[in-house]
Amino acid sequence: MTVSSDRLLRRTLWGNAAFSVISGGVLAIFAGPFARAATDAPVSVLGLDLALLFGLLGVGVVAFGALCAWIASRPELPQGLARLIFAADIAWVAGSVLVLALPASWTTAGIAGIVVLALIVADLAILEYLGLRRMRAAN
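In this report, the structure presented in the accompanying data block is examined. (Residues numbered from 1 in each chain as written. Predicted model: local features only at pLDDT ≥ 70, side-chain atom pairs only at ≥ 80, totals over all residues. Heavy atoms only, no water.)

**Focus: the overall build of the chain**
So the rule is basically this: Put simply, DSSP H or I for four residues or longer makes a helix, DSSP E for two residues or longer makes a strand, and each gets a number counted from the N terminus. Throughout, exposure labels follow a simple rule: accessible area from a 1.4 Å probe, protein chains only, divided by the maximum for the residue type, with under 20% read as buried, over 50% as exposed, and the rest as partly exposed. The contact definition used throughout considers only heavy atoms, calling two residues in contact when any of these lie within 4.5 Å. Reported accessibility uses the Shrake-Rupley method at a 1.4 Å probe radius. Residues are deemed covered only where the shown protein chains occlude them. In this tally, Lys and Arg are treated as positive and Asp and Glu as negative; His is ignored, and so are the chain termini. To locate a charge, take NZ of a lysine, CZ of an arginine, CG of an aspartate or CD of a glutamate.
Assigned secondary structure in the chain consists of five helices and two strands. Scanning the chain from its N terminus toward the C terminus, one meets helices and strands in the order α-α-β-β-α-α-α. Its C-alpha atoms give the chain principal-axis dimensions of about 55 × 25 × 25 Å. Residues counted as buried form 33% of the 139 residues belonging to the chain. Partitioning the contacts of the chain with sequence separation of at least 6, the portion at a separation of at least 24 is 78%. With the model as given, the accessible surface of the chain reaches about 7,800 Å², and the carbon-plus-sulfur share is 74%. Computed over 9 positive and 7 negative side-chain charges, the inter-centroid distance for the chain is 12 Å.

**Brief notes about the packing of aromatic side chains**
Rules: Ring pairs shown here join Phe, Tyr and Trp side chains whose ring centres sit within 6.5 Å, with only the six-membered ring taken for Trp; geometry is labelled stacked below 30 degrees between planes, edge-to-face above 60, and tilted in between.
Summed over all chains, the structure comprises two aromatic pairs. Ring geometry for Phe30 against Phe34: centres 6.4 Å apart, planes inclined by 65°, an arrangement best described as edge-to-face. Residue classification places Phe34 among the partly exposed residues on the basis of a relative accessible area of 36%. Note on Phe86 and Tyr129: the rings are 6.1 Å apart at their centroids and 35° apart in plane angle, and the pair reads as tilted. Residue Phe86 is located in helix α4 (residues 79–101), and its partner Tyr129 is located in helix α5 (residues 108–138); the two are separated by 43 residues in the primary sequence. The exposure class of Phe86 is partly exposed, given its relative accessible area of 24%.

**Here we look at the nonpolar core**
The cut-off we apply is this: Take the buried Ala, Val, Leu, Ile, Met, Phe, Trp, Tyr and Cys residues and link them wherever side-chain atoms come within 4.5 Å; each set so joined is a nonpolar core.
Grouped together as the largest cluster of nonpolar side chains are 12 residues: Leu9, Leu13, Ala17, Phe64, Cys68, Ile71, Ala72, Leu77, Ala82, Ile85, Leu132 and Met135. Elements represented by at least two residues in this core include exactly α1 (3–29), α3 (50–73), α4 and α5. With four residues, the single largest contributor to this core is α3. Listed in part, the nine residues of the second largest apolar core include Leu27, Leu50, Ala51 and Ile114.

**Some remarks on the side chain of Ser20**
Its place among the elements puts Ser20 in helix α1. Residue classification places Ser20 among the buried residues on the basis of a relative accessible area of 4%. For Ser20, the contacting residues outside a window of four places in its chain are Gly25, Val61, Val62, Phe64 and Gly65.

**Quick word on α3**
How we decide: Take the number of residues in a helix, subtract one, and multiply by 1.5 Å to get its expected span. Here a polar contact means two N or O atoms within 3.5 Å. Within protein one must be a hydrogen donor candidate and the other an acceptor candidate, and residues neighboring in sequence count only if both atoms are side-chain atoms.
If you check α3, its first and last C-alpha atoms are 34 Å apart, about what 24 residues at 1.5 Å a residue would give, namely 34 Å. Taken together, the buried positions of α3 are Leu50, Ala51, Phe54, Gly55, Gly58, Val61, Phe64, Gly65, Cys68, Ile71 and Ala72. Taking the backbone nitrogen of Ala51 as reference, a side-chain oxygen 3.1 Å away marks Asp49 as the first, capping residue of α3.

**Some remarks on the packing of helix α2 (residues 31–38) against α3**
Think of two packed helices as two axes; the pair is described by the angle between the axes and how far apart they sit. Basically, it comes down to this: Axis angles are defined between N-to-C directions and span 0 to 180 degrees, where every axis is a line fitted to C-alpha atoms and, for a helix, only to the segment in contact. Note on terminology: angles under 35 degrees are roughly parallel, angles over 145 are roughly antiparallel, angles of 65 to 115 are roughly perpendicular, and the others are oblique. When the near helix sits turned anticlockwise from the far one by under a right angle, the crossing is termed left-handed; a clockwise turn instead gives a right-handed crossing. Classes in brief: Ala, Val, Leu, Ile, Met, Phe, Trp, Tyr, Cys and Pro nonpolar; Asp, Glu, Lys and Arg charged; the others, Gly included, polar.
The geometry of α2 relative to α3 is characterised by a closest axis approach of 8 Å and an angle of 125° between their N-to-C directions. Judged by the angle between their axes, α2 and α3 are oblique. Between α2 and α3 the crossing geometry is right-handed. Across from Ala31, Gly32, Phe34, Ala35 and Ala38 in α2, the residues of α3 making contact are Leu50, Ala51, Phe54 and Gly55. Partitioning the contact of α2 with α3 into residue classes produces seven nonpolar, two polar and no charged.

Geometric values such as these leave the question of function open.
Next up, the structure:
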């Protein structure tokens, strides 16, 4: 593997790390206000309040961002873990579609937030796919 063959994937993983840590931190800190803005009525999933779920999700996204940074920082990019990040991003986009299909009273702000985040994650997944493909071709 040459430096140029992993440059796209490495930079995308760093971008994913930065986006995930920042957005996850903001979600964890402002979970209550985001939950109130996202729905017209109280929502609970598996008995957990939406604000608590947003807070937990934010912490999880920060941890995901830390994993992206760790992978990107390796001298030799671990392709298996990079593929795992790619799969997780695809799962996030699919999960966003499922969340919008739930019988919840999403507000316009809630729908917009879910869609915008899903589009950003989809863009990252496309770049990860291209980076993985480029690395495979270089080997």
